[in-house]
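Here's the letter readout for the chains.
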Amino acid sequence: SEASTLCREALIAGATVVVRDERLWDVSEFIRNIGAFELTMADIPMAYWHQLAQHAVGMSADEVPERFRLVIAGGEAMSVIVLRNGSKGRLEIGVS
């Protein structure tokens, strides 16, 4: 599967892969776990990214650890409204 290939490639490169259990983290818990697990990136579904972007608009820059640098979101269309709002906050958004 694509997920196992991505995990394998990350592990070969020396990364640590964190896989959550079946319970979905709420956005506040996700932000806390970025620091707890020393995450540098996350690959999340677009619907979860929408929640994260809405939450991030009101966040100060020091609430997200510096080492966290990349969020990959996919699987469905990105909301233009959320994209506009997210770009006003701390998020640096690149769309390809």
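The paragraphs below set out a description of the structure included in this document. (Residues numbered from 1 in each chain as written. Predicted model: local features only at pLDDT ≥ 70, side-chain atom pairs only at ≥ 80, totals over all residues. Heavy atoms only, no water.)

**Re the nonpolar core**
Right, so step 1: Core analysis: the biggest nonpolar cluster contains 17 residues, and Phe 30, Ile 31, Ile 34, Ile 44, Leu 52 and Phe 68 have the highest contact counts within it.
Right, so step 2: For this core, the leading source of residues is helix H3 (residues 46-56), giving 6 residues.
Right, so step 3: Residues within four places of Leu 52 in sequence aside, it is in contact with Val 27, Phe 30, Ile 31 and Ile 44. (Core = buried A, V, L, I, M, F, W, Y, C linked by side-chain atoms within 4.5 Å. Buried < 20%, exposed > 50% of the residue type's maximum accessible area, 1.4 Å probe, protein only. Helix = DSSP H or I, 4+ residues; strand = E, 2+ residues; numbered from the N terminus. Contact = heavy atoms within 4.5 Å.)

**Remarks on the packing of aromatic side chains**
Right, so step 1: Tallied over the full model, the rule gives 4 aromatic pairs.
Right, so step 2: Consider the rings of Phe 30 and Tyr 48, whose centres lie 5.6 Å apart with planes at 85°: the pair is edge-to-face. Of this pair, Phe 30 sits in helix H2 (residues 27-36) while Tyr 48 sits in helix H3; the two residues are 18 residues apart in sequence, bridging distant segments of the chain.
Right, so step 3: Judged by relative accessible area, which is 7%, Tyr 48 ranks as buried.
Right, so step 4: Ring centres of Phe 30 and Phe 68 lie 6.3 Å apart, and the angle between their planes is 80°; on these two criteria the pair is classed as edge-to-face. (Phe/Tyr/Trp six-rings, centres within 6.5 Å; stacked < 30°, edge-to-face > 60°.)

**What to know about the side chain of Asn 33**
Right, so step 1: Relative to the elements of secondary structure, Asn 33 occurs in helix H2.
Right, so step 2: Judged by relative accessible area, Asn 33 falls into the buried class, the value being 13%.
Right, so step 3: Among residues more than four places away in sequence, those in contact with Asn 33 are Trp 25, Glu 38 and Leu 39.

**Re the pairing of strand S2 (residues 70-74)**
On a regular strand, one side chain projects to one face of the sheet and the next to the other, so that they alternate.
Right, so step 1: Alignment of strand S1 (residues 41-45) against S2, held across 5 bridges, turns out to be parallel. Across the sheet, the residue bridging to Met 41 is Leu 70, located in S2.
Right, so step 2: Viewed along the sheet, the connection from S1 through H3 into S2 turns out right-handed. (Pairing = 2+ DSSP bridges. Right-handed = clockwise from strand over helix to strand, strands pointing away.)

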